[in-house]
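Observations on the three-dimensional arrangement
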Amino acid sequence: MMKVVLKLEYLDDKVKQKVMKKVSVVYGLDSISIDTKDKKLTVTGTIDPVELVSKLKKLCHTEIVFVGPAKEPQKKKEEAKKADDKKGDDKKKEAAAIKAYSVPVCYQYQHPYLQYPTPVPARYHHYHSMEEDPTSCVIC
């Protein structure tokens, strides 16, 4: 996760809307926010800041102010640890249940030639004789 802060120089709200549209289609984007007073765009996610600037420089003048890791609050980290502990306990219980109740494995015979090659259609040659076509012309 990266946090990128860009300083934009735009004049009206139409350009701001276009900036939001351009940035919203970038792959790996988590959140977008614009500070209209300071004219700063804050983007978080797994994104490339150079790609952002190259997309936005067509609309308005863009400068990179800050590029760094996105910091998460301590509360979220603690909740994530508790959730991981619960998941770990569930996984241990499932592993113990699988060891206790093993399922027999059924094997099926697989024929080595499942699909046969398609046959090549036969070519038929048609020969006409003089008896079949009385209007034909033969030069001897």
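Since this is a predicted model, take the numbers as computed values, not measurements. (Residues numbered from 1 in each chain as written. Predicted model: local features only at pLDDT ≥ 70, side-chain atom pairs only at ≥ 80, totals over all residues. Heavy atoms only, no water.)

1. Topic: the overall build of the protein chain
Definition in use: Each helix is a run of H or I in the DSSP string that is no shorter than four residues. Each strand is a run of E no shorter than two, and both are numbered from the N terminus. To sort residues, take the accessible area from a 1.4 Å probe on protein chains only and compare it with the maximum for the residue type: under 20% means buried, over 50% means exposed, and anything in between is partly exposed. Here, residues are in contact when the closest pair of their heavy atoms is within 4.5 Å. For every accessible area listed, the method is Shrake-Rupley and the probe measures 1.4 Å; residues are considered covered only by the protein chains on display.
From N to C terminus, the protein chain includes three helices and four strands. Beginning at the N terminus, the succession of helices and strands in the protein chain can be written as β-α-β-β-α-β-α. For the protein chain, the proportion of its 140 residues judged to be buried stands at 15%. A separation threshold of at least 6 residues defines the contact pool for the protein chain, and within that pool the share at least 24 residues apart is 66%. Total accessible area on the protein chain is roughly 12,800 Å²; 56% of this is exposed by carbon and sulfur atoms.

2. As for the nonpolar core
Put simply, the test is: Side-chain atoms within 4.5 Å are what join buried Ala, Val, Leu, Ile, Met, Phe, Trp, Tyr and Cys residues into a set we call a nonpolar core.
Grouped together as the largest cluster of nonpolar side chains are 14 residues, with contacts concentrated most on L6, L8, V19, V23, L41, L52 and L56. Counting only elements with at least two residues in this core, the list comes to β1 (2–9), α1 (13–24), β3 (40–45) and α2 (49–56). Excluding anything up to four places from it in sequence, V19 contacts L8, L41, L56, L59 and C60.

3. A look at the side chain of T44
Worth spelling out the cut-off: Polar contacts, as used here, are pairs of N or O atoms within 3.5 Å; protein pairs need one atom able to donate a hydrogen and one able to accept it. Residues neighboring in sequence count only if both atoms are side-chain atoms.
Position of T44 among the secondary structure elements: in strand β3. The class of T44 is buried, set by a relative accessible area of 14%. At a separation of 2.4 Å, a polar atom in the side chain of T44 contacts the side chain of S31. Each residue touching T44, except ones within four places of it in the same chain, is listed here: M2, K3, L29, D30, S31 and A70.

4. Comments concerning the environment of S24
The residue S24 is located in helix α1 in this model. Side-chain polar atoms of S24 contact the backbone oxygen of K21, separated by 2.9 Å.

5. Some points on the sheet that holds β3
Paired through their backbone hydrogen bonds, the strands of a sheet run either parallel or antiparallel. Put simply, the rule is: Strand pairing is assigned whenever DSSP detects at least two bridges linking the two strands. In this analysis an axis means a line fitted to C-alpha atoms, helices contributing only their contacting stretch, and an angle means the value between N-to-C directions, from 0 to 180 degrees.
Here four strands make up an open sheet; going across it, the order is β2-β3-β1-β4 and the pairing antiparallel. Of all the strands in the sheet, just β2 (29–35) and β4 (61–69) have a single pairing partner and so form its edges. Averaged over all pairs of adjacent strands, the angle between strand axes in this sheet comes to 20 degrees, irrespective of strand direction. The pairing of β1 with β3 spans six bridges and is antiparallel. Its bridge partner being in β3, L6 is matched across the sheet by L41.

6. Notes on the packing of aromatic side chains
For the record, the criterion: Pairing of aromatic rings covers Phe, Tyr and Trp, the last through its six-membered ring, and needs centres within 6.5 Å; plane angles under 30 degrees mean stacked, over 60 mean edge-to-face, and all others mean tilted. Placement of a charge over a ring requires the Lys NZ or Arg CZ to be within 6 Å of the ring centre, with the centre-to-atom vector within 35 degrees of the ring normal.
Inspection of the entire model under this criterion finds zero aromatic pairs. The positively charged end of K39 is found above the aromatic ring belonging to Y10, 5.3 Å away from the centroid.

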